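Residue-level structure breakdown
Here are the chains, one letter per residue:
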Amino acid sequence: MEHVDIIDRLKKGDKTVYAGVVKQCEAMIYNTALSIVHNEQDAEDITQEVFVTLYEKIHGFRKESKLTTWLYTITIRKALDQEKKRKNQKHGGLLKKIFAVKESNEPGNFDHPGILLDNKETARVLFQALKKLPENQRIAFTLHKMEGLSHLEIADVLKTSPSATESLLVRAKNNLKKILKDYYEKHL
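Quick look at the structure, then. Within any chain, residue numbers begin from 1 and follow the written order of that chain's sequence. Whole-chain, interface and lining totals are the exception, using all residues; otherwise, since this is a predicted model, local features are given only for residues with pLDDT of at least 70 and side-chain atom pairs are given and counted only at 80 or more. In computing side-chain properties, one takes all heavy atoms of the structure into account and sets aside hydrogens as well as water.

**Details of the overall build of the protein chain**
When you go through the protein chain residue by residue, the secondary structure sums to nine helices and zero strands. Helix numbering and strand numbering both begin at the N terminus, where a helix is a DSSP run of H or I of at least 4 residues and a strand a DSSP run of E of at least 2. Going from the N terminus to the C terminus, the protein chain shows its helices and strands as α-α-α-α-α-α-α-α-α. Counting every position in the protein chain, which comprises 188 residues, the buried fraction comes to 39%. A fraction of 65% describes how many contacts in the protein chain between residues 6 or more apart in sequence connect residues 24 or more apart. Here the Shrake-Rupley method, with its probe set to 1.4 Å, supplies the accessible areas, and only the displayed protein chains count as covering residues. Only carbon and sulfur atoms are counted for the fraction: they give 54% of the accessible area of the protein chain, which is about 11,300 Å². With a 1.4 Å probe rolled over the protein chains alone, any residue whose accessible area is under 20% of its type maximum counts as buried; one over 50% counts as exposed, and the rest are partly exposed. Contacts are assigned to residue pairs that have any heavy atoms within 4.5 Å of one another.

Encoded structure:
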């Protein structure tokens, strides 16, 4: 089925096509969200929100990019919003801190589908290092290394040029090298 045909059928309210898109893209969206928020429940919520947004906003989709690019963009925006919400909750008042339930959203305290059990410690360290990167570098690195997107696809998602994407990835790698070098010097 052609990409344009899928969009047209989604716009007409074809529930079968919508269910097919959900089935085909659910893991991609969940994994991307999880790579950003590091919390399984939040990633599940974001995945649902993305599909609600797809259903509600498909009529505004202009077919200028691929549907998956649009879904990645929505996922990233919702994941970053969730991160900001979490940070604001952490910086709440004294009563909030006294009565808050201890959260398990520290990097590494979640199961990412792409990480083998024997790589969990390495993944935890990497996710902690990723959190220290500037947002645009972290997103570019995540989309490239964890989701397998090309530089051109990342440029579409981030609304930037392929050369700017390449620059983001180079800076992300260099910053990760510094962060991880410091970590291993302290912990080995």
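**Some remarks on a negative patch on the surface**
Negative charge collects at one region of the surface, where Glu44, Asp45, Glu49 and Asp81 lie side by side. The element best represented in the negative patch is helix H3 (residues 40-57), accounting for three residues. Of note, Asp45 is situated in helix H3. Asp45 sits in the partly exposed class, given a relative accessible area of 31%. Only residues above 30% relative accessible area that lack a salt bridge enter a patch, with like-charged residues linked at up to 9 Å and the nonpolar side chains Val, Leu, Ile, Met, Phe, Trp and Tyr linked at up to 5 Å. In what follows, salt bridge is the name for a side-chain nitrogen of Lys or Arg lying within 4 Å of a carboxyl oxygen of Asp or Glu. Here Asp and Glu are counted as negative and Lys and Arg as positive; His is not counted, and neither are the chain ends. Where a charge lies is defined by one atom per residue type, namely NZ (Lys), CZ (Arg), CG (Asp) and CD (Glu).

**Some details on the pattern of salt bridges**
In the structure shown here, the tally under the stated rule is eight salt bridges. With a closest N to O distance of 2.6 Å, Asp8 and Lys63 form a salt bridge. Of this pair, Asp8 sits in helix H1 (residues 3-11) while Lys63 sits in the loop between H3 and helix H4 (67-90), placing them 55 residues apart in sequence. Among the residues examined, Asp8 registers a relative accessible area of 29% and is labelled partly exposed. Taking relative accessible area as the criterion, Lys63 reaches 32% and is therefore assigned partly exposed. Note that Glu185 is salt-bridged to Lys181, the shortest N-O span being 3.6 Å. Pair noted here: Glu185 and Lys181 are both in helix H9 (residues 162-187), with a separation of four residues, about one helical turn. Here Glu185 falls in the exposed class, since its relative accessible area comes to 52%. A single salt-bridge network, built from bridges that share partners, covers Glu83, Lys131 and Arg138.

**Considering the packing of helix H7 (residues 135-146) against helix H8 (residues 151-158)**
Axis definition: a line fit to C-alpha positions, over the contact stretch in the case of helices; interaxial angles, taken between N-to-C directions, run 0 to 180 degrees. With their axes 10 Å apart at the nearest point, H7 and H8 run at an angle of 135° to one another. Considering their axes alone, H7 and H8 lie oblique with respect to each other. In this structure, the crossing between H7 and H8 has a hand that is right-handed. In this structure, H7 uses Asn136, Ile139, Ala140, Leu143 and His144 to contact H8, whose residues at the interface are His151, Ile154, Val157 and Leu158. Any angle from 65 to 115 degrees is called roughly perpendicular, while one under 35 is roughly parallel, one over 145 is roughly antiparallel, and all others are oblique. Handedness of a helix crossing follows the sense of rotation of the near helix relative to the far helix, less than a right angle counterclockwise being left-handed and clockwise being right-handed.

**Remarks on the side chain of Thr75**
Mapping Thr75 onto the fold places it in helix H4. In contact with Thr75, not counting residues within four places along its chain, are Ile29, Thr32, Ala33, Ile46 and Val50.

**Some remarks on the packing of aromatic side chains**
Pairing of aromatic rings covers Phe, Tyr and Trp, the last through its six-membered ring, and needs centres within 6.5 Å; plane angles under 30 degrees mean stacked, over 60 mean edge-to-face, and all others mean tilted. Per the counting criterion, the structure on display carries two aromatic pairs. With centroids separated by 5.5 Å and ring planes inclined at 75°, the aromatic side chains of Tyr18 and Tyr55 adopt a geometry described as edge-to-face. Of this pair, Tyr18 sits in helix H2 (residues 15-37) while Tyr55 sits in helix H3; the two residues are 37 residues apart in sequence, bridging distant segments of the chain. Both rings, one in Phe61 and one in Trp70, keep their centres 4.9 Å apart while their planes meet at 40°; by these two values the pair is tilted.

**So, unusual backbone geometry**
Even without a glycine there, the phi angle at His38 is positive, about 60°. With respect to the helices, strands and loops of the structure, His38 is situated in the loop between H2 and H3. On the basis of relative accessible area, His38 is assigned to the buried category, the value being 1%. The backbone phi angle of Lys159 is positive, close to 55°, even though this residue is not glycine. Structurally, Lys159 is set in the loop between H8 and H9. Exposure remark for Lys159: the relative accessible area of 64% places this residue in the exposed category.

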